[in-house]
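Analysis of the macromolecular model
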2 protein chains.
Amino acid sequence: MVSARRGEILEAALEVLADRGFKGTSIDAVAECAGLTRQGVLHYFPSKTRLLLEVLDLRNALNREHLADRNVGEDWAGDFAEAVAFEQDHPSLARMQCVVLAEAVTGQEPARGYVRDRCRTVQDHLAGHLAARYGDRLPSGLDTRTGAIALFALIEGVHQLWLADQDGEDHYPEVVREVLSVLLGDSAVPAVKG
Amino acid sequence: MVSARRGEILEAALEVLADRGFKGTSIDAVAECAGLTRQGVLHYFPSKTRLLLEVLDLRNALNREHLADRNVGEDWAGDFAEAVAFEQDHPSLARMQCVVLAEAVTGQEPARGYVRDRCRTVQDHLAGHLAARYGDRLPSGLDTRTGAIALFALIEGVHQLWLADQDGEDHYPEVVREVLSVLLGDSAVPAVKG
DNA sequence: GTCTATACGTCGATAGAC
DNA sequence: GTCTATCGACGTATAGAC
């Protein structure tokens, strides 16, 4: 039903957004990248804002699809390391997300609501899963809610660091795995002491 | 020596940048906020880019100034909690930083170099301090370098979460303190087990 | 493809201080 | 009479809308 063109435009928009952010993106640039004219783009998406929101949805879909392949929850540290690796294998997705979310922190950007919702649902999700498995406190002694916040912050922060300096450190998935195993308090990982 | 005007313009620029990001900021808006015209601003700062860079320097100066008041290193978890609290007491600084850094992830933004340098120097700094105190491994078993990365990522991530949803959770400084005490492995903090 | 809006940066001008 | 602070007007580029 959705024409192939629509998909192509979304792909093109993802690239341009990743490269220039929302404010910096012109419909012309998206159109050129997709091989049609501005009017062609506006035929499928009524406005730049709607286009952005659909790209964000696309990203969500891709992420969920990827996670669905794993048996999430058996190996938390591994799951998160994998999620980080996935982002790093798809730099456009990662950059788009980072830039657009930050822009949304700003005044009245269209993605503001999206960002707030995402922030809350991800935290609730994490807290729910952790509580289901560990109860009120993680084995490390951390409060479950605190742990969920820390996990989320850590992942977001790692993405930012990686994007800020892609020539630097690139063992982030491994870093995440080790840190998580300490935070959770499982000792399923080589947390070699002294 | 620098005229008072200059300072006023920097202050105004900080506000506007925090509110609209770099791309969204017009010299006109800064000028209006500072009570003069675009040309007046351009008299003190040759370009929008230079203005941005000076605002980033200003932020650095403020941060250093604030940290100089503490006896940094005696209580790591406390230091970081304090740093987070400081940011939250100065929302303009925090938002400006977050938005501008994220924009810099993008193509050829002026702050790109600044961000990469900051990323490296902060990590090196942290790693150096941690190594000086703990050696190759933290008491928690984490590798020192890994710990430094995790600390930095955690702080950056927490800022982002806070900015994304300021109506949500607001115990971030406390969260940071608790998480750090687990990551480092000091048990100087109520990490109540079971 | 044209219209309109906005924004950057330059040029020349004015007015006061030294 | 030159230096500093500021302004108005202009040229150009880009983006969104129809």
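Fair warning: this is a prediction, and the values are worked out from it, not measured in the lab.

A closer look at helix 1 (residues 4-24) of chain B
An α-helix turns once per 3.6 residues; consequently, residues spaced three or four apart project the same way. The end-to-end C-alpha distance of helix 1 of chain B is 26 Å, clearly below the 30 Å that 21 residues give at a rise of 1.5 Å each. Taken as a whole, helix 1 of chain B carries its principal kink of about 85° at Ala 18 of chain B. Within helix 1 of chain B, the full set of buried residues consists of Arg 6, Ile 9, Leu 10, Ala 12, Ala 13, Leu 14, Val 16, Leu 17, Ala 18, Gly 21, Phe 22 and Gly 24 of chain B. Structurally, helix 1 of chain B contributes buried residues whose contacts are with helix 1 (4-24) of chain A together with helix 2 (27-34), helix 3 (38-44), helix 4 (48-68) and helix 6 (91-104) of chain B.

Side note on the pattern of salt bridges
Residues and elements named next belong to chain B. Counted under the stated rule, the structure contains 23 salt bridges over all chains. A salt bridge links Glu 54 to Arg 6; the shortest N-O distance between them is 2.6 Å. Separated by 48 residues along the polypeptide, Glu 54 in helix 4 and Arg 6 in helix 1 bring together distant segments of the chain. A relative accessible area of 18% places Arg 6 in the buried class. Notably, a salt bridge pairs Arg 177 with Glu 174, separated by 3.4 Å at the nearest N-O pair. Highlighted residues: Arg 177 and Glu 174, both in helix 9 (residues 172-184), separated by three residues, approximately one helical turn. Take Glu 174: its relative accessible area is 33%, and that puts it in the partly exposed class.

Describing the domain arrangement of chain A
All names here are of chain A. When cut into domains, chain A gives domain 1 (1-50) and domain 2 (70-184). Each of domain 1 and domain 2 has a C-alpha centre, and these two points are 28 Å apart. Counting residues at the interface gives nine residues for domain 1, matched by nine residues for domain 2. Approximately 840 Å² of surface area, both sides summed, lies buried where domain 1 meets domain 2, with 63% of it carried by carbon and sulfur atoms. Three residues, Leu 14, Ala 18 and Phe 22, lead the burial of domain 1 against domain 2; their summed loss comes to 52% of the area buried on that side. One can count one salt bridge joining domain 1 with domain 2. Asp 19 is the partner of Arg 95 in a salt bridge, and the nearest nitrogen-oxygen pair spans 3.4 Å.

Quick notes on the relation of the copies chain B and chain A
Superposition of chain B onto chain A requires a rotation of 180° combined with a translation of 0.1 Å along the rotation axis, giving an RMSD of 0.1 Å. Read as a symmetry element, the transformation amounts to a two-fold axis.

With respect to helix 8 (residues 144-164) of chain B
A rise of 1.5 Å per residue sets the reference length of helix 8 of chain B, with its 21 residues, at 30 Å; its end C-alpha atoms lie 30 Å apart and thus fit the reference within 8%. By the N-cap criterion, in which a side-chain oxygen at the helix start approaches the backbone nitrogen of a residue two or three places on, helix 8 of chain B is capped by Asp 143 of chain B, the distance to Arg 145 of chain B being 3.1 Å.

Focus: the nonpolar core
Counting residues in hydrophobic clusters, the biggest one holds 131 residues, and the most contacted among them are Leu 183 of chain A together with Leu 183 of chain B. Apart from the residues lying within four places of it in its own chain, the contact partners of Leu 183 of chain B are Val 179, Val 182 and Leu 183 of chain A together with Leu 138, Ser 140, Leu 142, Ala 150 and Leu 151 of chain B.

Definitions and limits used
Residues numbered from 1 in each chain as written. Chains lettered and ligands numbered in written order. Predicted model: local features only at pLDDT ≥ 70, side-chain atom pairs only at ≥ 80, totals over all residues. Heavy atoms only, no water. Helix = DSSP H or I, 4+ residues; strand = E, 2+ residues; numbered from the N terminus. Expected span 1.5 Å × (residues − 1). Bend = angle between axes of the 7 residues up to and from the residue. Buried < 20%, exposed > 50% of the residue type's maximum accessible area, 1.4 Å probe, protein only. Contact = heavy atoms within 4.5 Å. Salt bridge = Lys/Arg side-chain N within 4 Å of Asp/Glu carboxyl O. Domains from an automatic or database assignment. Buried area = accessible area lost by both parts, 1.4 Å probe. Least-squares fit on C-alpha atoms with pLDDT ≥ 70 in both. Polar contact = N/O pair within 3.5 Å; in protein donor to acceptor, adjacent residues only side chain to side chain. Core = buried A, V, L, I, M, F, W, Y, C linked by side-chain atoms within 4.5 Å.

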